[in-house]
Amino acid sequence: MATADIEKSLLNAMQLGQKQLETFVKERLADEKVDFRDPLPKSKALTFASLYDVHLRPNTSKGKMEILEADRNFTQRLIMAYRAGRPVDLSNILNHREHR
C-alpha cells in the first residue's frame, strides 16, 4: 500500500518530467546559464521502492546498504512463495536469519 506522498509523486510524474524538461531547455539552451554537458540533477521522486528505504548513518559503507537491499529482496521472495502456497517454513527461516 502506497503512502500519500508516494501516491502524489506517482500521479504527478508526468508534470515533474515536463517541468524538468522546461528547466533543461531554459537553463542549458536558451539562457546558457549551465553548460550543456553538466550532469542533470536527480529528481528524487518517490516510488514503491521508497517504502523500503533504509536510512543508514553517513559513516556506513556502501557494502552495508547493498546487503540490506539484498536481504529485503530475499525476504520479499520468501513471503511471496509462502503466499503462493509453496511449502515454506517461515518460522524456521526467520529464526535462522535473526542469529546472523
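Residues numbered from 1 in each chain as written. Predicted model: local features only at pLDDT ≥ 70, side-chain atom pairs only at ≥ 80, totals over all residues. Heavy atoms only, no water.

Looking now at the overall build of the protein. A count of helices and strands for the protein gives 4 helices and 0 strands. Its helices and strands in sequence order give the protein the pattern α-α-α-α, from N to C terminus. Going through the 100 residues of the protein one by one, you find that 8% of them count as buried. By sequence separation, contacts in the protein at least 24 residues apart represent 40% of the contacts at least 6 residues apart. Working note: accessible area of the protein is about 9,000 Å², and carbon and sulfur atoms make up 56% of it. (Helix = DSSP H or I, 4+ residues; strand = E, 2+ residues; numbered from the N terminus. Buried < 20%, exposed > 50% of the residue type's maximum accessible area, 1.4 Å probe, protein only. Contact = heavy atoms within 4.5 Å. Areas by Shrake-Rupley, 256 points an atom, 1.4 Å probe, with all protein chains shown as cover.)

Once that is clear, we can look at the side chain of S9. Take S9: it is sitting in helix α1 (residues 4-11). Once residues lying within four places of it in the same chain are set aside, the contact partners of S9 are A45 and L46.

Here helix α2 (residues 13-30) spans 24 Å end to end across 18 residues, near enough to the 26 Å set by a 1.5 Å rise per residue. One or two residues past the end of α2 sits E32, with phi positive at roughly 55°. (Expected span 1.5 Å × (residues − 1).)

With that settled, the discussion passes to the side chain of R28. Residue placement: R28 occurs in helix α2. E27 is the oppositely charged side chain nearest to the buried, salt-bridge-free R28, at an N-O distance of 5.3 Å. Polar side-chain contacts of R28 include one of 2.7 Å to the backbone oxygen of D38. In this view, R28 contacts T23, V34, D35, F36, R37, D38, P39, L40 and P41; residues no more than four positions away in its chain are not counted. (Lys, Arg positive; Asp, Glu negative; His and termini not counted. Salt bridge = Lys/Arg side-chain N within 4 Å of Asp/Glu carboxyl O. Polar contact = N/O pair within 3.5 Å; in protein donor to acceptor, adjacent residues only side chain to side chain.)

Here the protein shows a mean pLDDT of 76. Residues at 70 or above account for 67%. Averaged pLDDT values for the elements of the protein fall to 60 in helix α4 (residues 90-98) and rise to 93 in α2. (pLDDT = per-residue confidence, 0-100.)

Here we come to the environment of E7. Positionally, E7 belongs in helix α1. By relative accessible area, which is 45% here, E7 ends up partly exposed.

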